[in-house]
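Each chain, letter by letter, is given below.
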Amino acid sequence: MREKKGFLLQTVSQMNTGAIVTGLGFLLYLALSALTLETAADITAVAFGVVSVYVFASVAAGRSRDGETVSYSLLWGTGALALLLGGCGVLTIRMWLGM
């Protein structure tokens, strides 16, 4: 895949690194929740929720540009993490706002 300047991640290496970071963020969120560190878990959910949606958008754009280089596994994996962490982040914000 060619390098292009832009807001989203461009190379497959960057996308893989983003997926790994997002996965580690999810594990951190689970660990903090299990340890009943609610404030830290809430902040982690919101922060990594934003990151996971960003990585998924990057992978989806990369897949539409170059379907041979960006695999479906990466697309589905980042999509699943975006749903899990993004959902937790949205629910956390709703809880903070009392909705």
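The structure under discussion appears in the preceding block.
None of these values were measured; they are calculated from a predicted model.

What counts, and at which threshold
Residues numbered from 1 in each chain as written. Predicted model: local features only at pLDDT ≥ 70, side-chain atom pairs only at ≥ 80, totals over all residues. Heavy atoms only, no water. Patch = residues over 30% accessible without salt bridge, like charges linked within 9 Å, V, L, I, M, F, W, Y side chains within 5 Å. Areas by Shrake-Rupley, 256 points an atom, 1.4 Å probe, with all protein chains shown as cover. Salt bridge = Lys/Arg side-chain N within 4 Å of Asp/Glu carboxyl O. Helix = DSSP H or I, 4+ residues; strand = E, 2+ residues; numbered from the N terminus. Buried < 20%, exposed > 50% of the residue type's maximum accessible area, 1.4 Å probe, protein only. Phe/Tyr/Trp six-rings, centres within 6.5 Å; stacked < 30°, edge-to-face > 60°. Axes fitted to C-alpha atoms, helices over the stretch in contact; angles between N-to-C directions. Parallel < 35°, antiparallel > 145°, perpendicular 65-115°, else oblique. Left-handed = near helix turned anticlockwise from the far one by under 90°. Contact = heavy atoms within 4.5 Å. Nonpolar A, V, L, I, M, F, W, Y, C, P; charged D, E, K, R; others polar. Polar contact = N/O pair within 3.5 Å; in protein donor to acceptor, adjacent residues only side chain to side chain.

### As for a nonpolar patch on the surface
Line of reasoning, step 1. A contiguous nonpolar patch, built from Ile43, Ile93, Met95, Trp96, Leu97 and Met99 and spanning about 700 Å² of accessible area, is present on the exposed surface.
Line of reasoning, step 2. The element that contributes the greatest number of residues to the nonpolar patch is helix H3 (residues 72-97), accounting for 4 residues.
Line of reasoning, step 3. Within the secondary structure layout, Leu97 lies in helix H3.
Line of reasoning, step 4. Assessed through its relative accessible area of 60%, Leu97 is described here as exposed.

### A look at the packing of aromatic side chains
Line of reasoning, step 1. One pass over the full model with this rule turns up 1 aromatic pair.
Line of reasoning, step 2. Between Phe7 and Tyr54, the ring centres sit 5.3 Å apart and the planes meet at 70 degrees, which makes this aromatic pair edge-to-face. Highlighted residues: Phe7 in the segment before helix H1 (12-34) and Tyr54 in helix H2 (residues 38-65), separated in sequence by 47 residues.
Line of reasoning, step 3. By relative accessible area, Phe7 is classed as exposed at 69%.
Line of reasoning, step 4. Tyr54 gets classed as partly exposed once you look at its relative accessible area, which sits at 27%.

### Concerning the packing of H1 against H2
Line of reasoning, step 1. One can describe the packing of H1 onto H2 by two numbers: an axis separation of 9 Å at closest approach and a directional angle of 155 degrees. With respect to H2, the axis of H1 lies roughly antiparallel. Remark: the crossing between H1 and H2 carries left-handed chirality. Here Met15, Gly18, Ala19, Val21, Thr22, Gly25, Leu28, Tyr29, Leu32 and Ser33 of H1 lie close against H2, whose contacting residues are Ala40, Ala41, Thr44, Ala45, Phe48, Val51, Ser52, Val55, Ser58, Val59, Gly62 and Arg65.
Line of reasoning, step 2. Residues that form the contact of H1 with H2 fall into these classes: 13 nonpolar, 8 polar and 1 charged.

### Here we look at the side chain of Gln10
Line of reasoning, step 1. Here Gln10 is to be found in the segment before H1.
Line of reasoning, step 2. By relative accessible area, which is 8% here, Gln10 ends up buried.
Line of reasoning, step 3. For Gln10, the side chain forms a polar contact with the main-chain oxygen of Leu8, separated by 2.9 Å.

Fair warning: the whole summary comes from geometry, so function is off the table for now.
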